[in-house]
Amino acid sequence: MDETYRLGLGNNDILTRKRAEQDYVKFWEEEAGKLHWFEKWHKTLEWTPPFAKWFVNGKINASYNALDVVSQTTPEKSAILWEGENGEKRSLTYGELLNYVCKVANVLKSLGVKKGDRVTVYLPMIPELIVSLLACARIGAIHTVIFSGFSSQSIRDRVYDSKSKVIITSDGGFRRGTIVKLKQIVDEAISGLDFVENVLVYEHAKIPITMGEKDKKWSDLIHSASEYCEPEKLDSAHPLYILYTSGTTGKPKGVLHGTGGYLVHLYNTFKWVFDIQKSDIYFCTADIGWVTGHSYIVYGPLMHGATQVMYEGALVFPTPKRIWEIIERYKVTILYTTPTALRMFMKYGDTLPNSKDLSSLRLLGTVGEPINPEVWKWYFKIIGKEKCPIIDTWWQTETGGIMISPVPGLETISLKPGSATLPLPGINVAIVDENGHDLPTETKGYLVVKDPWPGMLLSLWQDDEKYKVAYWSKYKTMYYSGDYAIKDKDGYFWMLGRSDDVLKVAGHRLGTAEIESGFVSHKSVAEAAVCGIPHEVKGESIIVFIVLKEGISSSKQLESELIQHIRDVVGPIATPDQLYIVSKLPKTRSGKIMRRLLKAVAKGESTGDVSTLEDEAAVDEIRIALNELQKTISKKSN
Ligand code: ATP
Ligand code: MG
C-alpha cells in the first residue's frame, strides 16, 4: 500500500474542491451552468429521502447537449471512428451524427413513439447504437439497451418489464469471427408480446432475415425521413433510460436515470477525470450495453465534442494483438478499460504490447472491479510506459457516473496502485459500520454515499419499494452501495470487494479483493477468485480458484508455492483450505467474477439468477472441482 507514483498533468485547480466542500448544492448548481438549458431550474435540489430531484423544473435535452451544441461551432469535427471486427471502417462527424439522429428520431415518431414510451435497443457496437439512443433522447422516449450478447429469454424478461413499444435491432453482429443473428433472437424473445408494435431492423451483417408484420427496415424508413427533428424540451427529471445492472450479486435491477442531473454529473466528471482536450482520441472498450458505455461513450464524450474510437468485436480477435493495433492505428490518447480485460491482455505477456507503438497514450482508465495492484503496475509500466496517470474509477450503474477517482483534469496527486484514491468534488462518500457510524481510517467497513449527487438514479423502474429496500433500508438516510472498502491514513479509498462476499475467518473480516490480489501478485497467476464456506472452528474457510498465465502448467509444487506466497504477502489468516487451478472463472457478460456462484456451488445451494452469466462451462468446471472436494471430505470423515 505504500508504493506511490506522483504523476499528473500539472493541473492545480484548488478552487473546485473548495467550492464543493463549502456547499455541495451550490457547487452543482454552478457546474450545471456549463450545459445548455432551454429553461433554467427553479430549485437546485429537492431532497425527500430517498428521492432526489435535481434542477427542478429546468428544461433540457440530452441529444441537444450531445450534438447540437458542438455541431453549431464545429460540425466537421470527427465524433466516431468506427472499426468492425472484420476490418471494416466508418467515420462520422458531429454534423453527420446530428443529421442521422434527427432522421432516426423522425422515424421513431412515424412509428408512433411518444415522450415517455420505452424503446428497447438490441444492437452490436455500431454507430447506429449511439444514434438510436440519441434519437430516443431527442423525442423524450426512454431507451433501454440490452447488451447484444444476451439470449432471447433475457431480452424477453427485460422487454416485458419495460413494456417497450419498439425494438431496434440489426440482422446480425460480429463476435469472434462469427455472426450472431440478432434479429432472429429478437423474434424468439418477443413472440406473443402484443405491446411491442414494431421492430426496426438495421442491416449490418447483410445476412438473410425473415421480415414479419411488425418488422420495418431501417434503410427504408430513413430514406424518406425528414432532415431535422426539433429536440423536446424535457423536464430535468424526465427519465432518460432504464438500464439493468450487471447481475453480479443477484437478479439484475432496472435502474432508472433522469436527464438534467445525470448530464451535469457526466459533463463534469468526464472533464475532471479524463481531462479531455480537443486533440484527444478517446477509446472506451466497454459495450454500450453497460452503464460505462451509456455514460462515457455516449453522453459524456459527446457533450465535450470528443473524438472517439468505437470497436465492434472481441479485443483479442483475430489475435491478442488487436487492442494494441487499434491504439496504434488511431493514435489513441485516452484508454478506458476494465481489470478483467487487462488481466486477459496480461496473460499473453509483454511482447505483444511492446511490439506496437503505444506512445500516443497519455491517460489510462479502469472501471468495473477492484484493480489488483499487480495489474495496475503492469498497465502503468508496460502500456503507459510510466508516463500516463492511471485513473481507477469507482462507480455503479446506480450512481450514473464516476464517484471516486483521481482527477488529473483538476489536480496532480500521488497515485497508489490498487486505490481509486479520493471522492470527486461534490461527492460525499464514507466508510461506516453496521450501525451507520463513521469508521476511523484504516478500518474496513461499508461504502456509503451521504449526500445526494446529480447522477443518482431516480428509482428502480416501476418499483420504488425495491429501490428503498435495496439501497435505503440498511441505513435510512445514506445510500448503501453494497461494497466493502477501507480508507487509509491519507484519505484514499481501497475497494475490498462486495459486502455480500466478505469472508469471516477466525474473527477477521477479509474482502475478496485482498486475498485475490495477493494471489494475482504471483508471477504465474492470471486471475483468482475466492469464496468462503462455513467452518466449525474458524467461522469460514477459504476456497480459491486460480487461472494460470499462458504457458504455465499446474503442479503440486506450484500449488504449495502459491499457498506460501499468500501467507507471505497477505498473512497466514488468508491461507486457503482448498486451492483449485481452473481454466476459467464464472463471470457476468460484463466481465465480472460472479463469486456468489462459487459460494452457491461450494455450499450445494441453488445458483439463483444466472441470466447474466457469460459461460456455463466455467461453472461446470467449478462444480467438478468442488465435487472432488466433497468426495475427499466424505472419505476423510468415514
Ligand atoms: P449487480 O448490482 O446486479 O450485482 P454489479 O454491481 O456488478 O451488478 P454494476 O453497476 O455494473 O453492476 O457494477 C458496479 C460495481 O462494480 C460496484 O458496486 C463495485 O463493486 C464494482 N466496481 C466498479 N468500479 C470499481 C472500481 N474502480 N473498483 C472496485 N470496484 C468497482
Ligand atoms: Mg451492483
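Provided above is the structure to which this section pertains.
This structure is a prediction, so every number in the text was calculated from the model and none was measured.

Draft legend 1. Fine view of the environment of T333. Along the polypeptide, T333 turns up in the loop between α11 (322-330) and β19 (334-337). Taking the C-alpha atoms as reference points, T333 and T393, 60 residues apart in sequence, are found 18 Å from one another. Apart from the residues within four sequence positions on either side, T333 is in contact with D280, I281, S360, L361, R362 and L363. A distance of 2.7 Å separates the side chain of T333 from the side chain of D280, its partner in a polar contact.

Draft legend 2. A look at the site of ligand 1. Around ligand 1 there are 21 residues in total, and T245, T248, T249, T397 and K592 lie nearest to it. In this structure, T248 approaches ligand 1 through a side-chain N or O atom, which is 2.4 Å from an oxygen atom. The contact in question runs from an oxygen atom of ligand 1 to an N or O atom on the side chain of K253, over 3.2 Å. When ligand 1 is considered free in solution it has 630 Å² of accessible area, and contact with the protein chains removes 95% of it. Secondary-structure elements contributing two or more residues to the shell around ligand 1 are β21 (390-393) and β27 (493-498). Broken down by class, the residue content of the shell around ligand 1 amounts to five nonpolar, nine polar and seven charged.

Draft legend 3. Quick peek at empty space enclosed by the protein. Scanning the entire structure with this criterion turns up three cavities of 30 Å³ or more. Empty space within the largest cavity amounts to approximately 110 Å³. Forming the boundary of the largest cavity are 17 residues, of which W54, G261, P454, M456 and L458 lie nearest the centre. Those elements that place two or more of their residues in the lining of the largest cavity are β3 (51-56) and α9 (260-274). Of the residues assigned to the lining of the largest cavity, the class counts are nine nonpolar, seven polar and one charged. Quantified by volume, the second largest cavity comes out at close to 60 Å³. Around the second largest cavity, the lining residues are L7, G8, P389, I391, P406, V407, P408, E411, T412, I413 and L415.

Draft legend 4. How the structure looks around helix α17 (residues 556-569). Compared with the 20 Å implied by 1.5 Å per residue over 14 residues, the 20 Å span of α17 between its first and last C-alpha is a close match. Taken residue by residue, α17 has L558, E559, L562, H565 and I566 as its buried positions. The buried residues of α17 occupy an angular sector of 120° when the element is viewed end-on, so they sit on one face. Counted as exposed and oriented over 90 degrees from the buried face of α17: K556, Q557 and D568. Its buried side turned inward, α17 meets α16 (512-520), β30 (525-535), β31 (539-548) and β32 (578-581).

Draft legend 5. Structural context of the sheet that holds β21. The seven strands lie next to each other as β6-β5-β18-β17-β19-β20-β21, forming an open sheet whose pairing is mixed. Lying at the two open borders of the sheet, with one neighbouring strand each, are β6 (89-93) and β21. Each adjacent strand pair in this sheet contributes to an overall mean axis angle of 20°, direction not counted. Relative to strand β20 (residues 363-367), β19 is paired through four bridges, and the arrangement is parallel.

Draft legend 6. Geometry of the sheet that holds β30. Pairing within the open sheet is mixed, and its three strands lie in the order β30-β31-β32. Looking at the sheet topology across the chains shown, the edges are occupied by β30 and β32. Strand-to-strand twist in this sheet, taken as the mean axis angle between neighbours without regard to direction, amounts to 20°. Here β30 pairs with β31 via ten bridges, running antiparallel. Within β31, the position partnered with E527 by the bridge is V547. On top of the sheet, helix α12 (residues 339-347) reaches β30 and β31; it is set at about 125° to β30, its chief contact.

Rules and cut-offs
- Residues numbered from 1 in each chain as written.
- Chains lettered and ligands numbered in written order.
- Predicted model: local features only at pLDDT ≥ 70, side-chain atom pairs only at ≥ 80, totals over all residues.
- Heavy atoms only, no water.
- Helix = DSSP H or I, 4+ residues; strand = E, 2+ residues; numbered from the N terminus.
- Contact = heavy atoms within 4.5 Å.
- Polar contact = N/O pair within 3.5 Å; in protein donor to acceptor, adjacent residues only side chain to side chain.
- Near = heavy atom within 4 Å.
- Areas by Shrake-Rupley, 256 points an atom, 1.4 Å probe, with all protein chains shown as cover.
- Nonpolar A, V, L, I, M, F, W, Y, C, P; charged D, E, K, R; others polar.
- 1 Å grid on protein atoms, 1.4 Å probe; cavity = no way out; pocket = protein on both sides within 12 Å on 5 of 7 lines; lining within 4 Å.
- Points joined across faces, edges and corners; volume = space filled by probe spheres on them.
- Expected span 1.5 Å × (residues − 1).
- Buried < 20%, exposed > 50% of the residue type's maximum accessible area, 1.4 Å probe, protein only.
- Arc of directions from axis to C-beta.
- Pairing = 2+ DSSP bridges.
- Axes fitted to C-alpha atoms, helices over the stretch in contact; angles between N-to-C directions.

Interpretation in functional terms is not warranted from these geometric data alone.
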